[in-house]
Amino acid sequence: MSLHDRIPEQLRVSDAVVSITMEDEVEVFPTSDYVLLEISPTAGRINIGKIASTVHNLVKSDRRMVAIRGYGFKGVGLSVRIAHELKKRESRFIYSMAFDTFDAEDSEGKPYTSIQIVVMPPEE
């Protein structure tokens, strides 16, 4: 089974344009199957270390899947920095990550190239 096959249907990005409806720079949406973390295209300074630590705990300790979605230049860059920080923290625990790009637009119709990084615990 490939990594993309393990992604829940609700997280599969397709050819449709995703609508950005965020009110804060970073928002978290927990579900029973996964945790979705979204980063705004207008995000300022965020605590990468704290976010990476939280994602690490969710994936390693709770064995939860975490999807990091970044919108636009800033959101994509911050999402990749979080994934990089996770990789730097690896010791005996190895993450599985699936990367997808997709198109999004804000409420005014402005388009953004975006990324989704799904961090999964290794299969048992």
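Analysis parameters
The residue numbers shown here count from 1 along each chain, following its written sequence. This being a predicted model, a pLDDT of at least 70 is required before a residue's local features are given, and a value of 80 or more before pairs of side-chain atoms are given or counted; all residues contribute to the totals for chains, interfaces and linings. The side-chain numbers reported here are obtained from all heavy atoms of the structure, hydrogens and water having been left aside. Pairs of strands are assigned from DSSP output, requiring at least two bridges between the strands. Where helices and strands are cited, they refer to DSSP runs of H or I of at least four residues and of E of at least two residues respectively, numbered from the N terminus. A simple rule labels every residue: compare its accessible area, found with a 1.4 Å probe on the protein chains alone, to the largest value its type can have, and call it buried under 20%, exposed over 50%, or partly exposed in between. By definition, residues are in contact when any of their heavy atoms lie within 4.5 Å. When the strands point away from the viewer, a crossover counts as right-handed if the route from the first strand across the helix to the second turns clockwise. Expected span of a helix: the number of residues minus one, times 1.5 Å. What qualifies as a polar contact is a pair of N or O atoms within 3.5 Å, subject to a donor-acceptor requirement within protein and to the restriction that residues adjacent in sequence count only when both atoms come from side chains. What counts as a ring pair is set by centres within 6.5 Å for rings of Phe, Tyr and Trp (its six-membered ring), and what kind of pair is set by the plane angle: stacked under 30 degrees, edge-to-face over 60, tilted for all other angles. By definition here, charges over rings are those cases where NZ of Lys or CZ of Arg is within 6 Å of the ring centre and within 35 degrees of the ring normal.

(A) Just the pairing of strand β2 (residues 26-30), in detail. Here β2 runs beside strand β3 (residues 34-39); their pairing, made up of 5 bridges, is antiparallel. Residue glutamate 27 lies in a different strand from β3, and its bridge partner there is glutamate 38. Once β2 ends, the chain turns through 3 residues before running back antiparallel as β3.

(B) Structural view of the environment of valine 76. Here valine 76 lies in helix α3 (residues 72-88). Residue classification places valine 76 among the partly exposed residues on the basis of a relative accessible area of 24%. Taking the C-alpha atoms as reference points, valine 76 and glutamate 9, 67 residues apart in sequence, are found 22 Å from one another. In contact with valine 76, not counting residues within four places along its chain, are Gly70, Tyr71, Thr113, Ser114 and Ile115.

(C) Looking closely at the pairing of β3. Here β3 lies mainly inside the structure; 6 of its 6 residues are buried. Here β3 pairs with strand β4 (residues 65-71) via 6 bridges, running parallel. Paired with leucine 36 across the two strands is alanine 67, which belongs to β4. In this region the chain leaves β3, passes through helix α2 (residues 48-60) and returns to the parallel neighbour β4; the handedness of that crossover is right-handed.

(D) Local environment of α2. Its 13 residues give α2 an end-to-end C-alpha distance of 18 Å, which sits within 8% of 18 Å, the value for a rise of 1.5 Å per residue. Taken together, the buried residues of α2 touch β3, β4, α3 and β6 (111-120).

(E) Looking closely at the side chain of serine 114. Counting through the fold element by element, serine 114 comes out in strand β6. Polar side-chain contacts of serine 114 include one of 3.5 Å to the backbone oxygen of tyrosine 112. Those residues in contact with serine 114 that lie beyond four places of it in its chain are Gly70, Tyr71, Gly72, Val76, Asp100, Thr101, Phe102 and Ala104.

(F) Representation of the packing of aromatic side chains in the model. Inspection of every chain in the model, using the stated rule, returns 1 aromatic pair. Measuring from ring centre to ring centre gives 5.9 Å for tyrosine 71 and phenylalanine 102, while their planes differ by 90 degrees; the resulting arrangement is edge-to-face. Placement of the pair is tyrosine 71 in strand β4 and phenylalanine 102 in strand β5 (residues 96-105), with a sequence separation of 31 residues. Classification of phenylalanine 102 as buried rests on a relative accessible area of 4%. In this arrangement the basic side chain of arginine 69 is found over the ring face of phenylalanine 102, its NZ or CZ atom lying 5.8 Å from the centre.

Any functional reading would require information beyond the geometric quantities listed.
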